[in-house]
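Fold and geometry: a report
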Amino acid sequence: MIDLRSDTKTLPTPEMLATVTQAPLGDDVAGEDPTVNALEAHCAQLLGKQAAVLVTGGTMGNLASIYSQIRPGEELICHRQAHIYHYERGGMSAVCGALVRPIGGEKGALDLDELADTLAEGDLHRQRTGLVCLENTHNNCGGTVLSAEHTAQVAAIAREYGVGVHIDGARIFNAAVALGVDVASLADPADSVTFCFSKSLGAPVGAMIVGSEELMKKVREARKLFGGGMRQAGVIAAMALYSLEHNISRLADDHRHATEIARTLAELRGIEVDLATVESNMVYFSVLRDDINAPGLCERLGEYGIKAGARNDHLIRFVTHLDIDDAGCARVCDALRAVLG
Ligand SMILES: Cc1ncc(COP(=O)(O)O)c(C=O)c1O
């Protein structure tokens, strides 16, 4: 089967799994797991930050980062389509007490004028802004990529108000590869960044938060509060280290495959796809035909050994990843032509 539903569907390879049996282990809650310590040090260095904290996944990474930088009643500014706003159980309000102020912007970037107008120092009546959050790549906007320049502009405006910036960088390595830049340049303007090992990097579990020593001390305390302290977590860290070593540069293949699939879709009758938003490993498209709708197309693709999921009657998201090679990509394009041509 070719699974286009998400890059979270990948399974660890035998080589990745083999690293677990070789990894030195210890109690990570006490800071004694050598493999976790090595992974955290490596990630801090890779992203150009002082320190890093391993967490279970992206949602906990975002939650611990937000919890550590905002006080109850303060405002959190994010994009209207942000993952933290739509798909993380409202944790930033439920757990952190943040009042969320979603704003607009093209392709997942924040509208800088709206950002400047929304930021507030706070006074007797108006609550202050506590944090600005970005997402890179931006899932709901199509896997779109935010540049280092945009991140720096956002951070500069936020700093005028003494406000920090967090990046939900679940797929920040996709952004770096798509732009052809060092991932540290994308992280540099932010106070904290979360990224995931279990999405496009192909590891089964885990995410990392990076930032200053001082902030990561708070994040570690938040992780403990949330029940996210893990004991011999080196079994996770070993596979995460493997994913960083082997699966970053190959992300360019996933991006090429997404573009190829998007171009195929663009040629088919009654399919609407905005090629300008296909910047990494995702393709969002609409099925606007009388003879078939989005769930119907997914069902038909199943006959060709392809798993896909519809968001509603019209919308489908495909995600490419390391379990889809050139031949797999060609199979997807052929199946689309066969069903829709
Ligand atoms: C952009 C983005 N942020 C955060 C998350 C949450 O990650 P997790 O599912 O590991 O909690 C996801 C999950 O798909 C995501 O796409």
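On to the overall build of the protein chain. The secondary structure content of the protein chain amounts to 14 helices and 13 strands. Over its C-alpha atoms the protein chain spans a radius of gyration of 20 Å, differing by no more than 12% from the 20 Å that the globule rule assigns to 341 residues. Dimensions of the protein chain along its principal axes, counting C-alpha atoms only, are 60 × 55 × 35 Å. Counting every position in the protein chain, which comprises 341 residues, the buried fraction comes to 50%. Counting contacts in the protein chain only where the partners sit at least 6 residues apart, residues at least 24 apart contribute 72% of the total.

Time to look at the sheet that holds strand S7 (residues 192-196). The strand order across the open sheet formed by 7 strands is S2-S8-S7-S6-S5-S3-S4, and the pairing between neighbours is mixed. What marks the edges here is a single partner per strand, and that holds for strand S2 (51-55) and strand S4 (99-103). Geometrically, the sheet is characterised by an average inter-axis angle of 20 degrees between neighbouring strands, direction not taken into account. Sheet topology places S2 next to strand S8 (residues 207-211); 5 bridges connect them, and they run antiparallel.

For S7, the tally of buried residues reaches 5 of 5 residues, placing the bulk of the element in the interior. Sheet topology places strand S6 (residues 164-168) next to S7; 3 bridges connect them, and they run parallel. Across the sheet, Ile 167 pairs through a bridge with Val 193, a residue of S7. When S7 meets S8, the two strands line up antiparallel, connected through 5 bridges. Among the inter-strand pairings, Ser 192 is bridged to a residue of S8, identified as Gly 211.

About the criteria used
Residues numbered from 1 in each chain as written. Predicted model: local features only at pLDDT ≥ 70, side-chain atom pairs only at ≥ 80, totals over all residues. Helix = DSSP H or I, 4+ residues; strand = E, 2+ residues; numbered from the N terminus. Rg over C-alpha atoms; globule rule 2.2 N^0.38 Å. Buried ≥ 20, exposed ≤ 12 C-beta atoms within 10 Å, placed from the backbone. Contact = placed C-beta atoms within 7 Å. Pairing = 2+ DSSP bridges. Axes fitted to C-alpha atoms, helices over the stretch in contact; angles between N-to-C directions.

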